[in-house]
Amino acid sequence: MSETTSPVFDPVQGLISVKNQLQSAAASVGRSPDDVNLVAVSKVHGVDRIRPVLAAGHKVFGENRVQEAEQKWPHLRDEYADITLHLIGPLQTNKVKQAVAVFDVIETLDREKLARALAKEFTRVNKHLPVFIQINTGAEPQKAGIDPHEADAFVALCRDELKLDVRGLMCIPPIDEEPALHFALLAKIAKRNGLNGLSMGMSSDFETAIEFGATHVRVGTAIFGSRPKADQV
Ligand SMILES: *Cc1c(COP(=O)(O)O)cnc(C)c1O
């Protein structure tokens, strides 16, 4: 979390450019830009880099690690009101308690054990956070997420049995494939399950994701500049 990265890259300029691109992409397919939530991915970046983005009025952020979020965000929440923090990284069941305390949205619900642990914790603290189910659209063995063929049953488990507030689906396409195919697949699975939320698209492909119906795009590098090496996706 050093402040040494990309000293010349101004995150407020990054934010403005990304918002402009988001608006154009939405307009190109007749969508309202207000229907696309920009989740500014601030992982690895220190609070001094995040503050200007908050000061510019942006309130929705994403972090991929519970411990890092715990170190950064309570301070920032003291300084700025109405922050919404999304968990966009893998969640271990032994960190569920901390995650529910520090995050507002869980985007990476990727297995039954986690669904049950979240349901239990939401009930315990009476705080029912919105969740997105992560779908492994590329069926990559090393990647987290529900297999597309098991998605419908998993949505039913989470929504009907565990009574989770399932807002939508999330995916991270394979790096070496055309993301549009994965965005289309995610949109199709969401539609047949009656889910409206689609968290898809990152710095390199968020405009395509918007064309395919993304309601949430997770953009880090294009706002904050490149990350220090400590990054883990
Ligand atoms: C890091 C990360 C992002 C942001 O990636 P960029 O390419 O920097 O925009 C988006 N989603 C997830 C799940 C990530 O881990």
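From a predicted model like this one, the values you see are computed outputs, not experimental measurements.

Peer 1: How do you make sense of the packing of helix α1 (residues 11–28) against helix α2 (residues 47–55) when you look at a structure like this?
Peer 2: Each pair of packed helices gets described by two things: the angle between the helix axes and the distance between those axes. Running from amino to carboxyl end, α1 crosses α2 at an angle of 50°, the nearest separation of the two axes being 8 Å. Overall, the two elements α1 and α2 adopt an arrangement that is oblique. α2 is crossed by α1, and the crossing has right-handed handedness. Every residue of α2 that contacts α1 at P11, V12 and L15 is listed here: R49, P52 and V53. Partitioned by chemical class, the residues of the contact of α1 with α2 number five nonpolar, no polar and one charged.

Peer 1: Would you explain the site of the ligand in this entry?
Peer 2: Taken together, the neighbourhood of the ligand is formed by 13 residues, with K43, S203, G220, T221 and R227 sitting nearest. A distance of 2.5 Å separates an oxygen atom of the ligand from a polar atom in the side chain of S203. Contact between the ligand and R227: an oxygen atom at 2.7 Å from a side-chain N or O atom of the residue. Taken together, the residues of the shell around the ligand sort by class into seven nonpolar, three polar and three charged.

Peer 1: Explain the packing of aromatic side chains here, please?
Peer 2: A ring pair, where both rings are aromatic, is described by two values, the distance of the centres and the angle of the planes. Counting across every chain of the model gives one aromatic pair. Ring geometry for F61 against W73: centres 4.9 Å apart, planes inclined by 45°, an arrangement best described as tilted. Here F61 is found in strand β2 (residues 60–63), whereas its partner W73 is found in helix α3 (residues 66–79), with twelve residues between them in sequence. Accessibility expressed as a relative area gives 0% for F61, which makes it buried. By relative accessible area, W73 is classed as buried at 0%.

Conventions and cut-offs
- Residues numbered from 1 in each chain as written.
- Predicted model: local features only at pLDDT ≥ 70, side-chain atom pairs only at ≥ 80, totals over all residues.
- Heavy atoms only, no water.
- Axes fitted to C-alpha atoms, helices over the stretch in contact; angles between N-to-C directions.
- Helix = DSSP H or I, 4+ residues; strand = E, 2+ residues; numbered from the N terminus.
- Parallel < 35°, antiparallel > 145°, perpendicular 65-115°, else oblique.
- Left-handed = near helix turned anticlockwise from the far one by under 90°.
- Contact = heavy atoms within 4.5 Å.
- Nonpolar A, V, L, I, M, F, W, Y, C, P; charged D, E, K, R; others polar.
- Near = heavy atom within 4 Å.
- Polar contact = N/O pair within 3.5 Å; in protein donor to acceptor, adjacent residues only side chain to side chain.
- Phe/Tyr/Trp six-rings, centres within 6.5 Å; stacked < 30°, edge-to-face > 60°.
- Buried < 20%, exposed > 50% of the residue type's maximum accessible area, 1.4 Å probe, protein only.

Honestly, that's just the spatial picture; any functional story needs more than this.
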